[in-house]
Amino acid sequence: MMLSAPAVIFTLTLIYPSYGLYFHIGETEKKCFIEEIPDETMVIGKYRTQLWDKQTSSFLRSTPGLGMHVEIKDPDTKIILSRQYGSDGRFTFTSHTPGEHQICLHSNSTKMALFAGGKLRVHLDIQVGEHTNNYPEIAAKDKLTELQLRVRQLLDQVEQIQKEQNYQRYREERFRMTSESTNQRVLWWSIAQTLILIITGIWQMKHLKSFFEAKKLV
């Protein structure tokens, strides 16, 4: 079954460390999202699916036979996660390269009758950085007091802020290098145009001189 070209329908920056949304897809449709993530940052995604029911004209919980395929690529388009899940699922990955990560989802079901020309609703929730931590579970496991837990949360937030600042510096450095490269190319192109004009002018002058000499005008 051939998949349609990925449709990048949403771009989120670091100022949105956690978000939830839902979208609709057809049987052969593939939806992709762009998430800008610093390096060494954990990301947790949770989703659940609902199938359109014509009898009730509403979305109902999907059957167990329907699942989703999740594929994640890093900024170098290297696949860091490619796995099939059920109708409800949870995926986790850690970024090792700062930049735009592509998160793609599509149905992995081969049962045409499940769709029957209908559509699938996917509820997606993505958490980035310290928002992936389950602090009640951490407090119970490490037997932390409320104050200790709050300090732990603040330390995690400071660490995430440092990662985001490093990522912003990384983006600024790449932008600066791109600007310098563009300026250098523009400079060399201007020099090349000037040389071409000078060479063309000299050739025209010699050609005209030869023409006038041939006509014995000079």
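This is a predicted model, so every value here is computed, not measured.

Novice: Would you mind showing me how to read the overall build of the chain here?
Specialist: Helix and strand content of the chain: 3 helices and 10 strands. Considering the chain as a whole, with its 218 residues, one finds that 33% of them fall into the buried category. Considering only contacts within the chain whose residues lie at least 6 apart along the sequence, 72% involve residues at least 24 apart. Counting every atom, the chain has about 14400 Å² of accessible surface; 57% of that belongs to carbon and sulfur.

Novice: Would you explain the side chain of Thr-49 in this entry?
Specialist: Looking at where Thr-49 falls in the secondary structure, it is placed in strand β4 (residues 42-53). Within polar-contact distance, the side chain of Thr-49 engages the backbone oxygen of Ser-87 at 2.9 Å. With residues near it in sequence (within four places) discarded, Thr-49 still touches Arg-61, Ser-62, Met-68, Ser-87, Asp-88, Leu-120, Arg-121 and Val-122.

Novice: Honestly, the UniProt feature "transmembrane region" (unreviewed entry) in the chain in this entry has me stumped. Any pointers?
Specialist: When the UniProt feature table is mapped to this numbering, "transmembrane region" (unreviewed entry) covers residues 186-205. Note that residues 186-205 is 100% helix and 0% strand, and that its end C-alpha atoms are spaced 29 Å apart.

Novice: Can you help me understand the packing of aromatic side chains in this one?
Specialist: Here a ring pair, both rings aromatic, is described through the centre-centre distance and the interplanar angle of the planes. In this structure the tally under the stated criterion is 3 aromatic pairs. With a centroid separation of 5.1 Å and 55 degrees between ring planes, the pair formed by Phe-23 and Phe-33 is classed as tilted. In this pair, Phe-23 sits in strand β2 (residues 18-25) while Phe-33 sits in strand β3 (residues 30-37), placing the two residues 10 residues apart along the sequence. By the burial criterion, Phe-23 is buried, and Phe-33 matches it.

Novice: Just checking my understanding: could you explain the environment of Gln-168 for this structure?
Specialist: Among the secondary structure elements, Gln-168 is positioned in helix α3 (residues 146-214). In this structure Gln-168 comes out as partly exposed when scored by relative accessible area, which is 32%.

Novice: How should unusual backbone geometry be read in this particular structure?
Specialist: When glycine is set aside, most residues are seen to have a negative phi, and most peptide bonds are trans. Even without being glycine, Glu-40 reaches a positive phi, approximately 55 degrees. Within the secondary structure layout, Glu-40 lies in the loop between β3 and β4. A relative accessible area of 41% means that Glu-40 is categorised as partly exposed. Despite not being glycine, Thr-77 shows a phi value in the positive range, around 60 degrees.

Novice: What is the right way to look at the state of the cysteines in this model?
Specialist: Note: disulfide means a covalent bond formed between the sulfur atoms of two cysteine side chains. Here the structure, examined in full by the defined rule, presents 1 disulfide. Disulfide partner of Cys-32: Cys-104, at an S-S distance of 2.1 Å. The disulfide joining Cys-32 to Cys-104 has a torsion of about 110 degrees about its S-S bond and is therefore right-handed. Residue Cys-32 is found in strand β3, and its partner Cys-104 is found in strand β9 (residues 99-107); the two are separated by 72 residues along the sequence. Judged by its relative accessible area of 0%, Cys-32 is buried.

Novice: Hey, could you run me through α3 in this one?
Specialist: Because each turn of an α-helix spans 3.6 residues, side chains separated by three or four positions in sequence point in the same direction. The end-to-end C-alpha distance of α3 is 101 Å, a good match for the 102 Å that 69 residues give at a rise of 1.5 Å each. Along α3, the positions that sit buried rather than exposed are Leu-149, Asp-156, Gln-160, Lys-163 and Tyr-167. Next to the buried residues of α3 lie β3, β9 and α2 (135-142).

Novice: Where do I start with the pairing of β3 in this structure?
Specialist: For β3, a buried count of 8 out of 8 residues is recorded, marking the element as mostly surrounded by other parts of the structure. Where β3 and β9 come together, 8 bridges link them in antiparallel fashion. Residue pairing across strands places Phe-33 opposite Ile-103, the latter belonging to β9.

Novice: Sorry, what's going on with the confidence of the model for the chain here?
Specialist: Parts of the prediction with low pLDDT should not have their coordinates interpreted in detail. Residues with a pLDDT of 70 or more make up 82% of the chain, whose mean pLDDT is 79. Per-residue pLDDT stays below 50 along residues 1-17; that stretch engages in 42 contacts with residues further than four places along the chain or on separate chains.

What counts, and where the lines are drawn
Residues numbered from 1 in each chain as written. Predicted model: local features only at pLDDT ≥ 70, side-chain atom pairs only at ≥ 80, totals over all residues. Heavy atoms only, no water. Helix = DSSP H or I, 4+ residues; strand = E, 2+ residues; numbered from the N terminus. Buried < 20%, exposed > 50% of the residue type's maximum accessible area, 1.4 Å probe, protein only. Contact = heavy atoms within 4.5 Å. Areas by Shrake-Rupley, 256 points an atom, 1.4 Å probe, with all protein chains shown as cover. Polar contact = N/O pair within 3.5 Å; in protein donor to acceptor, adjacent residues only side chain to side chain. UniProt positions renumbered as here; feature names shortened; annotations may be inferred. Phe/Tyr/Trp six-rings, centres within 6.5 Å; stacked < 30°, edge-to-face > 60°. Disulfide = S-S within 2.5 Å. Expected span 1.5 Å × (residues − 1). Pairing = 2+ DSSP bridges. pLDDT = per-residue confidence, 0-100.

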